[in-house]
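# Analysis of the macromolecular model
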Amino acid sequence: MTIRVGLCGTGTVGCGCIDIIQKHHDEFQARYGIDLELTRICSREAEAAESRGLGHLFSSDFHDVINADDVDVVVELFGGTGIAKDVIMGALQNGKHVVTANKAIMASVGEEIASYAHEHGLEIGFGASVGGGIPIIGPLKHSLVANDISSIIGIVNGTTNYMLTRMEAGLSYDEALKEAQEAGFAEADPTADVDGFDAAAKIAILAAIAFNVKITIDQVHTEGIRRLSALDLATAHDMGYAVKLLAITERGNEGVVARVHPAMIPLDHQLASVNGVYNAIYVTGDFVGETMFFGEGAGSGPAASAVMGDVIELARRIEAGAPAGSGYCVPDDCPVVPISTLEMKYYLRFRVADRPGVLAKMATVFSENGVSLQSVQQMGNKQREDVNLVFITHSANEGNINAAIEEILSLGIVTGGEPSVIRVVD
């Protein structure tokens, strides 16, 4: 069976897809009986197509792909939420199946796109939108559907994981960021990574699939790593914890919560040893128990592997005459609850003036806001300059913690700006 593919986007992932088709075409045909034929290529520049002997397929206008009679599947790799949505919806409206790696689209209007595809008997594949080459979307849609998933905890951004690994070795935040940029792991503008937005988009997608709930990136509580220092990571390590930027979604009695923030996890937890640019996603189900998916979360090879995996799977479903299945079902009425409802332990580090009464005032504020302290550590020097006060709380309400922080900041005793706040995940 011949499946004709139109490719929109020839960046690192798009070029990886072309290379996979050219290298493994004969294997796909021999193993699956599928003849993958690349018939259209769209990008700003023709260089990638021409350098691979495919210049005759090139167009700079995506309409030449989505309107073409010789395209069955459109692969959208432009990224972003502007023209990419036009490509995806235009392709579906023209009766073409779609495969995308676009996490921003799927985390914001994924349900709309998937519902349209389902209503019109079409497929939308998005396995590369989370975790790059890590096969997590497929298992959640297929292998794990017999389970009641209770939680998903993931390290899903390689840039921040690399930076935290280097900060654990003693580098400052700025030094780690510069090194990540020089190595090509971080963009010139690292905002999406270091402020947690990339991870938030990914956990929104995983929550929608795992819990069959309507959730968008705007409903994900999101914090990044800018406030962390090498001192925080060293202190956490001395306490028996590693610090990671975690993307977490859980389903409880009140509903589903999705959040991204730095977290302290025990050094013996499997996620604690995931370092560098690697990603890992930890899933807990009622029958499967605890399982972890690990691998490279970005890059031409891993992401292209996931994209082409979707294309092959889609082609096999077409050949078998199977009904369309987007992976997004009609959502149930389970609410998305705010993080303020959660109860957990906290690490809080304030830089304060070293003078009598400061600690007592802060302890009083915590007590009056219903926050019980497990331990307090002061890190200062003989010169009695500003000192760091590190608090570890017992399990406390998120809203109460925020109220206590706001009141402490109003006392005029904090000299280091906003405190470092790390939630403790035991």
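Coordinates for the structure precede this section.
Here's a quick rundown of the structure.

How each quantity is defined
- Residues numbered from 1 in each chain as written.
- Predicted model: local features only at pLDDT ≥ 70, side-chain atom pairs only at ≥ 80, totals over all residues.
- Heavy atoms only, no water.
- Buried < 20%, exposed > 50% of the residue type's maximum accessible area, 1.4 Å probe, protein only.
- Helix = DSSP H or I, 4+ residues; strand = E, 2+ residues; numbered from the N terminus.
- Contact = heavy atoms within 4.5 Å.
- 1 Å grid on protein atoms, 1.4 Å probe; cavity = no way out; pocket = protein on both sides within 12 Å on 5 of 7 lines; lining within 4 Å.
- Points joined across faces, edges and corners; volume = space filled by probe spheres on them.
- Nonpolar A, V, L, I, M, F, W, Y, C, P; charged D, E, K, R; others polar.
- Axes fitted to C-alpha atoms, helices over the stretch in contact; angles between N-to-C directions.
- Parallel < 35°, antiparallel > 145°, perpendicular 65-115°, else oblique.
- Left-handed = near helix turned anticlockwise from the far one by under 90°.
- Pairing = 2+ DSSP bridges.
- Phe/Tyr/Trp six-rings, centres within 6.5 Å; stacked < 30°, edge-to-face > 60°.
- Lys NZ or Arg CZ within 6 Å of the ring centre and 35° of its normal.

Here the focus is helix α7 (residues 158-168). For α7, the buried fraction is high: 8 of the 11 residues fall into the buried class. Considering only its buried residues, α7 is in contact with β7 (149-155), α8 (173-182), α9 (191-194), α11 (230-238), β9 (241-251) and β11 (278-285). One or two steps after α7, the chain reaches glycine 170, where phi turns positive at roughly 115°.

Each pocket or cavity is described by its volume, and for the second largest pocket that value is around 860 Å³. In terms of lining residues, the second largest pocket is bounded by 42 residues, among which Ile137, Gly138, Lys141, His142 and Asp310 are the most central. For the lining of the second largest pocket, the element with the highest residue contribution is helix α12 (residues 300-320), accounting for 10 residues. For the lining of the second largest pocket, the class distribution of residues is 21 nonpolar, 13 polar and 8 charged.

Further remarks concern the packing of α7 against α8. Between α7 and α8, the least distance of the axes is 9 Å, while the angle of their chain directions is 130°. With respect to α8, the axis of α7 lies oblique. α8 is crossed by α7, and the crossing has right-handed handedness. Across the interface between the two elements, Tyr162, Met163, Arg166 and Met167 from α7 touch Tyr173, Ala176, Leu177, Glu179 and Ala180 from α8. Residues of the contact of α7 with α8, tallied by class, amount to 7 nonpolar, no polar and 2 charged.

Taken in spatial order, the 6 strands make up an open sheet running β3-β2-β1-β4-β5-β6, and their pairing is parallel. Here the strands that pair on one side only, and so sit at the sheet edges, are β3 (58-59) and β6 (124-125). Those strands touched by α12 are β1 (2-8), β2 (35-42), β4 (73-76), β5 (97-100) and β6, and its axis lies near 160° from that of β5.

This part is about unusual backbone geometry. The phi angle at asparagine 212 is positive, at roughly 50°, despite the residue not being glycine. On the secondary structure map, asparagine 212 appears in the loop between α10 (197-211) and β8 (221-222).

Let us now look at the packing of aromatic side chains. In the structure shown here, the tally under the stated rule is 4 aromatic pairs. Plain terms: the ring middles of tyrosine 278 and phenylalanine 294 are 5.1 Å apart, the flat faces sit at 10° to each other, and that makes the pair stacked. Of this pair, tyrosine 278 sits in strand β11 while phenylalanine 294 sits in strand β12 (residues 289-296), and the two are 16 residues apart along the sequence. Judged by relative accessible area, which is 48%, phenylalanine 294 ranks as partly exposed. A connected cluster of aromatic rings, assembled from ring pairs, spans Phe350, Phe366 and Phe391. Across the ring face of phenylalanine 126, the terminal group of lysine 141 is positioned such that the distance to the ring centre comes to 5.1 Å.

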